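# Coordinate inspection notes
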Number of protein chains: 2
Amino acid sequence: MYYVLLSGGSGKRLWPLSNEARPKQYLKLVNRETNSMERCSMLQRVWDQLEEAGMAQTTVITAGREQVELIKSQVREAEIAVEPEARDTFAAVLLSCAWLYSKGGASEDDYAAIMPVDPYTEGSYFETVKSLEDVMRRSGAEVGLMGAVPGYPSIKYGYILPGEREDGWIKVKGFAEKPDEDQARELMGQGALWNCGVFCVRIGDMLKRAEGCGAPKDYEGLCASYDRLPRISFDYEVLEKAENLAAVEFHGYWKDLGTWDALADQMSTDTVGNVVLDESCENTQVVNELKAPVAVLGVKDLVVVAAQDGILVTEKSQSARVKEVAASFDSRPMFEERRWGTLETLDSSRYQGLSTLTRKIHIYDGMTSSYHFHKNRDEIWTILSGSGELILEGTKIPLSQGKAVCIRKNQRHAVKAFRDFEYIEIHVGASVGNEDINRITFEWDEIELSHIL
Amino acid sequence: MYYVLLSGGSGKRLWPLSNEARPKQYLKLVNRETNSMERCSMLQRVWDQLEEAGMAQTTVITAGREQVELIKSQVREAEIAVEPEARDTFAAVLLSCAWLYSKGGASEDDYAAIMPVDPYTEGSYFETVKSLEDVMRRSGAEVGLMGAVPGYPSIKYGYILPGEREDGWIKVKGFAEKPDEDQARELMGQGALWNCGVFCVRIGDMLKRAEGCGAPKDYEGLCASYDRLPRISFDYEVLEKAENLAAVEFHGYWKDLGTWDALADQMSTDTVGNVVLDESCENTQVVNELKAPVAVLGVKDLVVVAAQDGILVTEKSQSARVKEVAASFDSRPMFEERRWGTLETLDSSRYQGLSTLTRKIHIYDGMTSSYHFHKNRDEIWTILSGSGELILEGTKIPLSQGKAVCIRKNQRHAVKAFRDFEYIEIHVGASVGNEDINRITFEWDEIELSHIL
């Protein structure tokens, strides 16, 4: 049995903490199952649980290119199937199966269970996922699903409608999208299940579908032909057309942390960061990623989130609407995490014809940047702390606290951090930020060599 | 008749917008009386009204040294009596009268009406203030007061208790501090008045009190002996002991904008700055001085304020408690306004033994800094926009966009802005920010001369 964690999401639902560079599954806001005081991301929590269940070895994470560094920084041992472009879940599932087939050691007759990366659940969830293999064999279903037995008539989840009950599995009669409260109560009465978004498929079936779209079934080949796959969801392309679906019931705790009110309820503390939450407040959580304090007085049922990208104050029941509001903001992410460190935007200004951008960069010990140049901007760097070195046009320049260097247009440069390396970089030019980065292949030692020569 | 605007305040009540460097009376949040769409500060609004009433020519503003540049930047023509140190209102009133006597052309027999700088009121208020002179002459009172006829039984104001009614004025029987609602209703029934904090005195009487404390009555002399004056409020030292007080009634609109709920109700719009206030919100005002957006969804009766110093979310009835909360914050002001421009703190960090501070500085066209040096820090400047020049150890260096300069410890320097001058300065050293500024007397042209020689 093989597993896929599907890591998508435009990152707007948990604005202002999440953004394209840091979707919600990477925010370190939940607690580890093993240690309720240690904060981790949804991805890290789920990965811990997969390891605990002995599933991590046969799991691949499928994600867009922009998430690769972040995944590696949070789960070093993760294998990643990289989507060549965002093409919805049907294409992502085919890609995942091609990866398992070409690189993961799976055969066409193996099964793969595809799971969302962000359920908030307990260990028995993963045992239930494992049981899908057996259900698939015994039921002969095209797709196996997993449904959580509802604890209350939720209007936020989709439901799986049950048909006949077999031994350990249920025939699926259909689906109901988010119902109103009366409908939800009726669905519960009928034994309907919350749709956990997990589906189990035979890998060979998926590879055949890839070939049906004119794409090869091996991973590299499918990557190259990725644009031949239709831009459609797995639900729409497969589930809604399938005639033979089986579901297993999951009886444990399960929650989709897709909105601030759901996530706030799972936070290990009511406040994160520099916050004064007055005693007179009720049922209120506050997350502050800024340095300046947040004071909250006399409110109830609110979530308050302050981050570089913006500030949110929302009544909990309204928090699902954050996505709409956030979509209207022009959004250069203000805080970005990378494999090698972090970038924090302190100021960006536009003047006649030219722009400036001031960022604080932290590079982890021993990490190096690419060797690159900028065609349309100068950069002025001032070292705040630690030590490192700059390669500037092949010349090695040691960097230490208080040192400043100017890197002019078209000057090739790379930086290496020795220890606790932080600096302020100021971009001045026609293009600033993550644009206009022209990389040159190099090995750090070769550069040193060319300098010595 | 002469007038004094008393400008005090530690600046905590309207945190996070107000701070020591920018007390609430200077925040540009209210509208001008003449143009409801143009935002101005409380000081500017009152000054406009004094001009309209023909009183500005004989008005002095009394304030601490740290407010002088701010007052000048908002009211260029203002005359200012500068408190040598903060010594409460009794000393400030004596100083004001000494200024009027020594520098303002007043005689000992003239009267001065002392007013708070931050009432939110209308033109007739100032006509009523003028009438205090006549009341003083006719009543022979020691102090003349002004009381607003209450529109409702407020529990937030102090009350003046009325005695006999004379022709156009009222004998004052006593005072009641902030009452509860039942008491307030009873006070209204008795014809008690809201105490507007205005008092009219004979200038000679105040000068005599200064002499009674062993201080001279002229302004310069009183400044030099300011520490001989007791540290006590005018209310306590004068009003509570006086046997003969007269009050005039003011019948117009008057409000003390001392808390966020009071101020929020007078804002010309519900939002200031980059704000999305969702339609589902009720009775909520949002002020955002940051660049990143603030989104507010589904709340009611709140004030939300986001500024460099912090973020406040408060239910309106709780907003008076902001002062206590803010007092607990360690507060290097994050945004400061000066005569010559503004300073915005972007980042401050502490490392082993050394600190760094990153600020964005804007200098108004034509303005210059002092000639100074720092013993314990280096500064790296990067010009973002405009043009100016730096004098560094007597040498003139032209500054333009993208240029960077390092100013090392003990190097004397001054800067002059020609046009739209903005730069980032990074301090690295044992002391950063507004500490460790060692000024040297100089004239810009002399420096140039020494350079040419």
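### So, the interface of chain A and chain B
Every contact between the two is made by 52 residues of chain A and, on the other side, 52 residues of chain B. Together, Leu-297, Ile-311 and Val-313 of chain A form the three largest contributors to the area buried by chain A at its contact with chain B, with a combined 16%. At the junction of chain A with chain B, the criterion picks out six salt bridges. The greatest single-element share of the side of chain A that touches chain B, amounting to six residues, is contributed by strand 19 (residues 310-315) of chain A. By residue class, the composition of the side of chain A that touches chain B is 30 nonpolar, 13 polar and nine charged. Pairing of strand 17 (residues 294-297) of chain A with strand 19 (residues 310-315) of chain B involves four bridges; the strand directions are parallel. Residue Leu-297 of chain A lies in a different strand from strand 19 of chain B, and its bridge partner there is Thr-314 of chain B.

### Some points on the relation of the copies chain A and chain B
Superposition record for chain A on chain B: RMSD 0.1 Å, screw rotation 179°, translation along axis 0.0 Å. Between the two chains, the operation in question is that of a two-fold axis. Closest approach to the rotation axis within chain A is made by the C-alpha atom of Leu-346 of chain A, at a distance of 2.9 Å.

### Focus on the pairing of strand 19 of chain B
Residues and elements named next belong to chain B. Burial runs high along strand 19: six of the six residues are buried. Along strand 19, one buried face is formed by Gly-310, Leu-312 and Thr-314 and the opposite face, lined by Ile-311, Val-313 and Glu-315, is buried too. Taken together, the six bridges between strand 18 (residues 302-307) and strand 19 define a ladder with antiparallel strand orientation. The residue of strand 19 that forms the bridge with Ala-307 is Gly-310. What sits between strand 18 and strand 19 in their antiparallel hairpin is a turn of two residues.

### Considering unusual backbone geometry
Between Trp-15 of chain A and Pro-16 of chain A the backbone carries a cis peptide bond, its omega angle lying at 5°. As for its position among the elements, Pro-16 of chain A is in the loop between strand 1 (2-7) and strand 2 (30-31). Residues other than glycine seldom take positive phi values, yet Asn-283 of chain A does so here, at roughly 45°. Here Asn-283 of chain A is to be found in the loop between strand 15 (275-277) and strand 16 (285-288). Take Asn-283 of chain A: its relative accessible area is 43%, and that puts it in the partly exposed class. Of note, Asp-420 of chain B is a non-glycine position whose phi angle comes to about 45°, a positive value. Here Asp-420 of chain B shows up in strand 27 (residues 413-429). What makes Asp-420 of chain B partly exposed here is its relative accessible area of 40%.

### Quick notes on the pairing of strand 11 (residues 193-202) of chain B
Residue and element names in this part refer to chain B. With eight of 10 residues buried, strand 11 lies mostly within the body of the structure. Bridging between strand 6 (residues 111-116) and strand 11 involves four bridges; their strand directions are antiparallel. Residue Ala-113 lies in a different strand from strand 11, and its bridge partner there is Cys-200. Two strands pair when backbone bridges link them, and strand 9 (residues 159-165) and strand 11 are joined in this way by two bridges, in the antiparallel orientation. Paired with Ile-160 across the bridge in strand 11 is Leu-193.

### A closer look at the sheet that holds strand 19 of chain B
Across the sheet, six strands lie side by side as 15(A)-17(A)-19(B)-18(B)-16(B)-14(B); this open sheet has mixed pairing. Pairing within the sheet leaves two strands with one partner each, and these edge strands are strand 15 of chain A together with strand 14 (271-272) of chain B. When strand 15 of chain A meets strand 17 of chain A, the two strands line up parallel, connected through three bridges. If you follow Val-276 of chain A over to strand 17 of chain A, its bridge partner there is Ala-295 of chain A.

### Here we look at the packing of aromatic side chains
Counted according to the given criterion, the structure contains 20 aromatic pairs over all chains. Between Tyr-125 of chain B and Phe-126 of chain B the ring centres are 4.9 Å apart and the planes differ by 70°, which places this aromatic pair in the edge-to-face class. No difference in accessibility class separates Tyr-125 of chain B from Phe-126 of chain B, as the two residues are buried. An aromatic cluster of three or more residues is present, and its members are Tyr-152, Tyr-157, Trp-194 and Trp-254 of chain A.

### Describing helix 3 (residues 88-102) of chain A
Residue and element names in this part refer to chain A. Here helix 3 spans 21 Å end to end across 15 residues, near enough to the 21 Å set by a 1.5 Å rise per residue. Burial runs high along helix 3: 11 of the 15 residues are buried. Taken residue by residue, helix 3 has Phe-90, Ala-91, Ala-92, Val-93, Leu-94, Leu-95, Ser-96, Cys-97, Ala-98, Trp-99 and Leu-100 as its buried positions.

### Focus: the sheet that holds strand 16 of chain A
Taking strand neighbours across the sheet as the criterion, the six strands line up as 14(A)-16(A)-18(A)-19(A)-17(B)-15(B) in an open arrangement whose pairing is mixed. Looking at which strands have only one partner, the edges of the open sheet turn out to be strand 14 (271-272) of chain A together with strand 15 (275-277) of chain B. Where strand 14 of chain A lies against strand 16 of chain A, two bridges are found, and the strand directions are parallel. Looking at strand 16 of chain A, one finds that Val-272 of chain A is bridged to Val-287 of chain A.

### Things to note about the pattern of salt bridges
If you walk through the whole model with that rule in mind, you get 60 salt bridges over all chains. Between Lys-241 of chain A and Glu-237 of chain A there is a salt bridge whose closest N-O contact spans 3.3 Å. Because the salt bridges share partners, they merge into one network encompassing Lys-291, Glu-344, Lys-360 and Glu-422 of chain A together with Asp-347 of chain B.

### Observations regarding helix 1 (residues 42-52) of chain A
An α-helical segment advances 3.6 residues per turn. Residues three or four places apart therefore align on the same side. With eight of 11 residues buried, helix 1 of chain A is to be regarded as a mostly interior element. Residues Met-42, Leu-43, Gln-44, Arg-45, Val-46, Trp-47, Gln-49 and Leu-50 of chain A constitute the buried set of helix 1 of chain A.

### Brief notes about the side chain of Ser-349 of chain B
The residue Ser-349 of chain B is located in strand 21 (residues 341-350) in this model. Within the local environment of Ser-349 of chain B, its side chain forms a polar contact with the side chain of Lys-360 of chain A, the two groups lying 2.8 Å apart. A distance of 3.1 Å separates polar atoms of two side chains, one belonging to Ser-349 of chain B and the other to Asp-347 of chain B. Excluding residues within four positions of it along the chain, Ser-349 of chain B makes contact with Lys-360 of chain A together with Ser-355 and Thr-356 of chain B.

### Notes on the packing of helix 3 (residues 88-102) of chain B against helix 7 (residues 203-212) of chain B
Residue and element names in this part refer to chain B. At a closest axis distance of 9 Å, the pairing of helix 3 and helix 7 adopts a crossing angle of 120°. What the angle tells us is that helix 3 and helix 7 run oblique. Between helix 3 and helix 7 lies a crossing of left-handed hand. Between helix 3, through Phe-90, Val-93, Leu-94, Cys-97, Ala-98, Leu-100 and Tyr-101, and helix 7, the contact on the second element is made entirely by Ile-203, Met-206, Leu-207, Arg-209 and Ala-210.

The rules behind each value
- All residue numbers here refer to positions counted from 1 along the written sequence of the relevant chain.
- Following the order in which they are written, the chains are lettered starting with A and the ligands numbered starting with 1.
- Residues qualify for local features only when their pLDDT is at least 70, as the model is predicted, and side-chain atom pairs are given and counted only at 80 or more; totals for whole chains, interfaces and linings, by contrast, use all residues.
- Hydrogens and waters are ignored; side-chain quantities use all the structure's heavy atoms.
- Contacts between residues were defined by any pair of non-hydrogen atoms, one from each residue, lying within 4.5 Å.
- In this description, buried area is defined as the sum, over both parts, of the accessible area (probe of 1.4 Å) that is lost when the two are combined.
- Basic side-chain nitrogens of Lys or Arg form a salt bridge, by our definition, when they fall within 4 Å of a carboxyl oxygen of Asp or Glu.
- In DSSP terms, a helix is any run of H or I states spanning at least four residues, a strand is any run of E spanning at least two, and both are numbered starting from the N terminus.
- When residues are grouped by polarity, Ala, Val, Leu, Ile, Met, Phe, Trp, Tyr, Cys and Pro land in nonpolar, Asp, Glu, Lys and Arg in charged, and all others, Gly among them, in polar.
- In this description, strands pair whenever DSSP reports at least two bridges between them.
- The superposition of copies rests on a least-squares fit of C-alpha positions from residues with pLDDT of 70 or more in both.
- Think of it in three bands: with a 1.4 Å probe and only protein chains considered, a residue is buried below 20% of the maximum accessible area for its type, exposed above 50%, and partly exposed in between.
- Each Phe, Tyr or Trp ring (for Trp, its six-membered ring) is paired with any other whose centre lies within 6.5 Å, and the angle between the two planes then decides the class: stacked below 30 degrees, edge-to-face above 60, tilted in between.
- The span you would expect from a helix comes to 1.5 Å times its residue count less one.
- The term polar contact refers here to a pair of N or O atoms within 3.5 Å; inside protein, the definition further demands a hydrogen-donor-capable atom paired with an acceptor-capable atom, and it admits residues adjacent in sequence only when both atoms are side-chain atoms.
- A fitted line through C-alpha atoms represents every axis, and for helices the fit uses only the stretch in contact; the resulting angles, taken between N-to-C directions, go from 0 to 180 degrees.
- In this scheme, roughly parallel covers angles under 35 degrees and roughly antiparallel covers those over 145, while 65 to 115 is roughly perpendicular and the rest are oblique.
- Each crossing gets its handedness from the near helix: less than a right angle anticlockwise from the far helix is left-handed, clockwise is right-handed.

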